[in-house]
Amino acid sequence: NSKVIQTPRYLVKGQGQKAKMRCIPEKGHPVVFWYQQNKNNEFKFLINFQNQEVLQQIDMTEKRFSAECPSNSPCSLEIQSSEAGDSALYLCASSPGLGGSYEQYFGPGTRLTVL
Amino acid sequence: GDSVTQTEGLVTLTEGLPVKLNCTYQTAYSDVAFFWYVQHLNEAPKLLLRSSTDNKRTEHQGFHATLHKSSSSFHLQKSSVQLSDSALYFCALSDHMGAGNKLTFGIGTRVLVRP
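The structure contained in this document is the topic of the report that follows. (Residues numbered from 1 in each chain as written. Chains lettered and ligands numbered in written order. Predicted model: local features only at pLDDT ≥ 70, side-chain atom pairs only at ≥ 80, totals over all residues. Heavy atoms only, no water.)

### A closer look at the interface of chain B and chain A
Residue-level contacts link 21 residues of chain B with 25 residues of chain A. Interface area for chain B against chain A, summed over the two sides, is near 1,800 Å², with a carbon-plus-sulfur share of 56%. Counting across the interface, chain B meets chain A through 4 residue pairs in polar contact (both at pLDDT 80 or more). Those elements giving two or more residues to the side of chain B that touches chain A turn out to be β5 (32-39), β6 (46-51) and β10 (87-95) of chain B. Take the side of chain B that touches chain A: its biggest share by element is 4 residues, from β5 of chain B. Among the residues making up the side of chain B that touches chain A, the classes are represented as 12 nonpolar, 5 polar and 4 charged. (Contact = heavy atoms within 4.5 Å. Buried area = accessible area lost by both parts, 1.4 Å probe. Polar contact = N/O pair within 3.5 Å; in protein donor to acceptor, adjacent residues only side chain to side chain. Helix = DSSP H or I, 4+ residues; strand = E, 2+ residues; numbered from the N terminus. Nonpolar A, V, L, I, M, F, W, Y, C, P; charged D, E, K, R; others polar.)

What follows is the structure, encoded as structure tokens:
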């Protein structure tokens, strides 16, 4: 079973408010991914890290979204000004390395509702 | 970019019957890994199967899949479904180009097993 911890499990925000969620990857996993799963169950990759360094991120992430994985602290994903379309399940996954032989282990997600 | 197609949105069947979930893909890359993830209600996605070897059958927990690069397919099958197999099933791929090895998911197939 995955040991990726995500908090909070549920988050409710008004439009324009900040929304911040955290992820503690499995011990020993230097690679962290954030995905957005919408109400139609479609996944969208947002950003990933190797240790503290950003590897890839999509344009959406570069604008209203910010993320970090500081040393010895949980990773975080923050939406600076929430919009209704941001309502989704945000999934964090960690991996012991890069490459197709490495599995991504998912956390249970943070379900964000933007009113 | 990469894409994954799952043609069935919902599969409903009776316990004990076989199931086949279709997955086809498009990618410009040759160094690619393929995955099936299962997501039960309000739970994290969990890896079910993975493969990067052409024409090799992969099995886990009664499910099996064979990557066929000639037809760009990685269909999932089980000979006899159980009630506990009711869940969302996602096919995904990860190419090794660029940084990060992000997953590209299909839209998922919901499997509903009835007694």
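### Some thoughts on the state of the cysteines
All names here are of chain A. A complete count under the given rule lists 3 disulfides over all chains for this structure. The residue that forms a disulfide with C23 is C92, at a sulfur-sulfur distance of 1.9 Å. Its torsion about the S-S bond being -65°, the disulfide of C23 and C92 is classed as left-handed. Within this pair, whereas C23 is found in strand β3 (residues 19-24), its partner C92 is found in strand β9 (residues 88-95), the two being separated by 69 residues in sequence. (Disulfide = S-S within 2.5 Å.)

### What to know about the pattern of salt bridges
According to the stated counting rule, one finds 5 salt bridges over all chains in the structure shown. Salt-bridge contacts for E59 of chain B lead to R57 of chain B; the nearest nitrogen and oxygen are separated by 2.9 Å. The structure contains a network of salt bridges with shared partners spanning R64, E83 and D86 of chain A. (Salt bridge = Lys/Arg side-chain N within 4 Å of Asp/Glu carboxyl O.)

### Structural notes on the pairing of strand β8 (residues 63-66) of chain B
Residue and element names in this part refer to chain B. Pairing analysis gives 4 bridges linking strand β7 (residues 57-60) to β8, with the strands arranged antiparallel. From the neighbouring strand, E59 faces β8, where its bridge partner is H64. In textbook terms, the turn of a hairpin is the stretch between consecutive antiparallel strands, and for β7 and β8 this stretch comprises 2 residues, one of which, Q61, has a positive phi near 55°. Relative to strand β9 (residues 76-78), β8 runs antiparallel, the two being bridged by 3 bridges. Considered in β9, the bridge of H64 is made with Q77. (Pairing = 2+ DSSP bridges.)

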